[in-house]
Amino acid sequence: MNAAPLGMFDSGVGGLTVMRAVMRRLPRESIIYFGDNARGPYGPREIPEIRRFALEIAAFLESLGGAVSVVACNSATSAALLDIQRNCSVPVLGVVEPGARGAVQATRNRRIGVIGTRATVRSRAYQKAIHALDAGAHVHSRACPTLVDFVERGEVRGPRVEEEVRRYLAPLKKRGVDTLVLGCTHYPLLREVIAREMGEGVRLISSDEEVAREVEENLVRRGYLKNSEEPPTYRFMCSGDPEQAVSLGRIFLGPEVERVEKVELPLGGWRPWS
Ligand code: DGL
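Along each chain, residues carry numbers from 1 onward, in the same order as the chain's sequence is written. Given that this is a predicted model, residues contribute local features only at a pLDDT of at least 70 and side-chain atom pairs are listed and counted only at 80 or more, while totals for whole chains, interfaces and linings are drawn from all residues. To obtain the side-chain values, all non-hydrogen atoms of the structure were included, while hydrogens and water were left out.

## Some words on the site of the ligand
Close contacts around the ligand come from Asp10, Ser11, Pro41, Tyr42, Gly43, Cys73, Asn74, Ser75, Thr117, Cys184, Thr185 and His186, and that covers them all. Identification of polar contacts relies on pairs of N or O atoms within 3.5 Å, with a donor-acceptor requirement for protein atoms, meaning one able to donate a hydrogen and the other able to accept it, and with residues adjacent in sequence counted only if both atoms are side-chain atoms. Between the ligand and Tyr42, the relevant distance is 2.6 Å, taken from an oxygen atom to a main-chain nitrogen or oxygen of the residue. Between the ligand and the protein, one listed contact pairs an oxygen atom with a backbone N or O atom of Gly43 at 2.8 Å. If the ligand stood free it would expose 290 Å²; the protein chains cover 99% of that surface. Being near a molecule or strand, for a residue, means having at least one of its heavy atoms within 4 Å of it. Throughout, the Shrake-Rupley method with a 1.4 Å probe supplies accessible areas, and for residues the shown protein chains are the sole cover considered.

## A look at helix α9 (residues 191–198)
Burial here depends on accessible area, computed with a 1.4 Å probe over protein chains only, as a share of the maximum for the residue type. Under 20% is buried, over 50% is exposed, and the range in between is partly exposed. A run of H or I in DSSP counts as a helix once it spans at least four residues, and a run of E counts as a strand once it spans at least two, with each numbered from the N terminus. When we look at burial in α9, the residues that qualify are Val193, Ile194, Glu197 and Met198. Along the long axis of α9, the arc covered by the buried residues comes to 125 degrees, so they all point the same way. Set apart from the buried face of α9 by more than 90 degrees, the exposed residues are Glu192 and Arg196. Any two residues whose heavy atoms approach within 4.5 Å at even a single point are treated as in contact. In this structure, the buried residues of α9 make contact with β5 (111–116), α8 (159–174), β7 (179–183) and β8 (203–206). Directions drawn from the helix axis to the C-beta atoms are what define this arc.

## So, empty space enclosed by the protein
Buriedness of a pocket was judged along seven lines, with at least five required to meet protein on both sides within 12 Å; pockets are open sets of points on a 1 Å grid over the protein atoms alone, cavities are sets where a 1.4 Å probe fits but cannot get out, and lining residues have an atom within 4 Å of a point. Grid points are joined across faces, edges and corners, and a volume is the space filled by probe spheres set on the points. Evaluated as defined, the whole model comprises three cavities of 30 Å³ or more. The computed volume of the largest cavity comes to approximately 70 Å³. For the lining of the largest cavity, the elements supplying multiple residues, two or more each, are β2 (31–35) and β9 (234–238). Among the elements that take part in the lining of the largest cavity, β9 stands out by supplying three residues, more than any other. Forming the boundary of the second largest cavity are Thr17, Val18, Asn74, Leu182, Cys184, Thr185, Pro188, Ser206, Ser207 and Asp208. Residue assignment for the lining of the second largest cavity shows that the elements contributing at least two residues are α1 (16–25) and α10 (207–222). Each residue gets one of three labels, nonpolar for Ala, Val, Leu, Ile, Met, Phe, Trp, Tyr, Cys and Pro, charged for Asp, Glu, Lys and Arg, and polar for the others, Gly among them. Counted by class, the lining of the second largest cavity contains four nonpolar, five polar and one charged residues.

## Focus on the side chain of Thr120
Position of Thr120 among the secondary structure elements: in helix α5 (residues 118–123). Within polar-contact distance, the side chain of Thr120 engages the backbone nitrogen of Ser75 at 3.3 Å.

Structural data, given as structure tokens:
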């Protein structure tokens, strides 16, 4: 067993969907979560900039003593996972590889759709991860930049979001994908609308659940899983407005988000880029 908490981060509150899945699967694990809401969303930003932010946050979480870090953001995983792993002294997991594996295992016709932010799609991280597991799979990706805004406004159903989802998914349906990766932390909240639009024959792979499974396997194999009866602790931190983080955090995770501590930028920790 390892008493240290898991460290998780995202560009804002989106990664809380991943944290929620981890909490459900591993109810004894303590977690420190950091949301970079002063600089998020990352999706529209350039990859080197996202990489710089992600490295800074990973160093900060490591300095707080996290046992394993989870990059709970598709854009940050796509831009920076390998660099973070090279610089961190603890194991670091991302959200792309678990989602890719879930899709490769689920598809029957080997036609996989991927939706995500512009940064994630531009990085081709999902293509690479899927092709590392099945070089013959056909991957069709689509950036859906406005969906993050819909979710953050709390508009997760209704005609406007349905119309937008239809517009984004039409080309993927045309390609005959039988599996669709929800490659963005916000999309699990749109699962119903997306599932209805894709139709019954299409499996949706949600990275939050795949990542929770991956985290569990890592903790079990390393012998880190908590076996004490002590209740877990959850600590939430952000770089921007803590009030906004609490109200959105409750939508993404639930009532456990009672208080969010604001941490001033730049964060402490090692400086791999200097
Ligand atoms: N968390 C981001 C992701 O999963 C979505 C929000 C953003 O653009 O930063 O890609």
